[in-house]
Amino acid sequence: MLSKTEFINKFEQDRLTDESNTEDVKKIIQDVKEHQDQALFRYNKKFDNVDLEQLEVPQYDIKNSINLISDTLRSALETSFEQIKNFQQKIKHENVTTGQTYQLYHPIEKVGIYVPGGKASYPSTVLMTATLAKLANVQEIIVVT
């Protein structure tokens, strides 16, 4: 176990930015700004060794994916969804009007959710972010990985 001082020192050391890739990252960002999806296809091939024909997963594949997992996993995901939904509904802010003051809550039209993939696959990230967005009546939820 680390002492308080050791922990703080380690935290400070770990949060230092590695500047060695900064220029490469800037070039990639500029390339994506200029060449958009075509650049993304190239980087998928270069970094992930994946040759994609399209970036968006077809709706059919999304809807059918539930049939590709075990009943045990499906049940666990559904239970998690219900628990997250129930908790979020309890703490959800409501519009308040009292006298001359009021608080109005409006959903955001669109949200983007980043979900780690590969070895760091966390369905909980989707559940916790997308469930909250759905309960907040967000009209369009875009998930990227």
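Here the structure is a predicted model, which is why all the values come from computation and not from measurement. Along each chain, numbering runs from 1 in the same order as the chain's sequence is written. Side-chain atom pairs in this predicted model are given and counted only at pLDDT of 80 or more, local residue features only at pLDDT of at least 70, and totals for whole chains, interfaces and linings cover all residues. Each side-chain value is derived from all of the structure's non-hydrogen atoms; neither hydrogens nor water enter the calculation.

**Description of the overall build of the protein chain**
No. 1: A count of helices and strands for the protein chain gives five helices and four strands.
No. 2: For the purposes of this entry, the term helix denotes a DSSP run of H or I that reaches at least four residues, the term strand denotes a run of E that reaches at least two, and both are numbered from the N terminus. Ordered by position from N to C terminus, the α and β elements of the protein chain give α-α-α-α-β-β-β-α-β.
No. 3: At 21 Å, the protein chain has a C-alpha radius of gyration far larger than the 15 Å of a compact globule built from 145 residues.
No. 4: Along the first, second and third principal axes, the C-alpha atoms of the protein chain reach 55 × 50 × 40 Å.
No. 5: Categorising residues by exposure relies on relative accessible area from a 1.4 Å probe, with only protein chains included: less than 20% of the type maximum marks a residue as buried, more than 50% marks it as exposed, and the intermediate range marks it as partly exposed. For the protein chain, buried positions account for 11% of its 145 residues.
No. 6: Excluding contacts between residues fewer than 6 apart, the proportion of contacts in the protein chain whose partners are at least 24 apart in sequence is 49%. The reference for a compact globule is 2.2 Å times residues^0.38; the radius of gyration itself is calculated from the C-alpha atoms. Any pair of residues with heavy atoms lying within 4.5 Å of one another is described as a contacting pair.

**A few points about the packing of helix α4 (residues 71-91) against helix α5 (residues 123-135)**
No. 1: Every axis in this analysis is a line fitted to C-alpha atoms, fitted for helices over the stretch in contact. Angles between the N-to-C directions lie between 0 and 180 degrees. It is the contact of α4 with α5, at a shortest axis distance of 10 Å, that shows an interaxial angle of 45°. The orientation of α4 relative to α5 falls into the category oblique. For the crossing formed where α4 meets α5, the hand is right-handed. Between α4, through L77, S80, F81, I84, K85, Q88 and Q89, and α5, the contact on the second element is made entirely by P123, L127, M128, T131, L132 and L135. Between 65 and 115 degrees an angle is taken as roughly perpendicular, under 35 as roughly parallel, over 145 as roughly antiparallel, and anywhere else as oblique. What makes a crossing left-handed is the near helix being turned counterclockwise from the far one by less than a right angle; a clockwise turn instead makes it right-handed.

**Concerning the pattern of salt bridges**
No. 1: When a carboxyl oxygen of Asp or Glu is within 4 Å of a side-chain nitrogen of Lys or Arg, the pair counts as a salt bridge. Per the stated rule, a full pass over the model turns up five salt bridges.
No. 2: Between K26 and E23 there is a salt bridge; the shortest N-O distance is 3.7 Å. Residue K26 and its partner E23 are both found in helix α2 (residues 22-48); the two are separated by three residues, about one turn of the helix.
No. 3: Judged by relative accessible area, E23 falls into the partly exposed class, the value being 49%.
No. 4: The salt bridge involving E140 is made with K110; its shortest N-O contact spans 3.8 Å. Pair noted here: E140 is in strand β4 (residues 140-144) and K110 is in strand β3 (residues 110-114), with a separation of 30 residues, a long-range link.
No. 5: Given the relative accessible area of 36%, E140 is considered partly exposed.

**Observations regarding unusual backbone geometry**
No. 1: The phi torsion at Q36 lies on the positive side, around 50°, for a residue other than glycine.
No. 2: Position of Q36 relative to the elements: it lies in helix α2.
No. 3: Of note in the backbone geometry, N137 takes a positive phi value of approximately 65° without being a glycine.
No. 4: Within the secondary structure, N137 is located in the loop between α5 and β4.

**Structural notes on the pairing of β4**
No. 1: In this sheet, β4 lies alongside β3 in parallel orientation, the contact comprising five bridges. Note that in β4 the partner of G112 across the bridge is I142.
No. 2: Consider the strands pointing away from the viewer: the crossover is right-handed when the path from the first strand over the helix to the second runs clockwise. Handedness of the β3-α5-β4 crossover: right-handed. The rule for pairing is simple: two strands pair if DSSP sees at least two bridges between them.

**Things to note about α5**
No. 1: Multiplying 1.5 Å by the helix residue count minus one yields the expected span of that helix. Relative to the 18 Å expected for 13 residues at 1.5 Å per residue, α5 spans 18 Å between its end C-alpha atoms, a close match to the ideal helical length.
No. 2: Restricting attention to buried positions, one finds in α5 the residues T125, L127, A130, T131, A133 and L135.
No. 3: For α5, the elements touching its buried residues are α4, β3 and β4.
No. 4: Positive phi appears at N137, one or two residues downstream of α5, with a value of about 65°.

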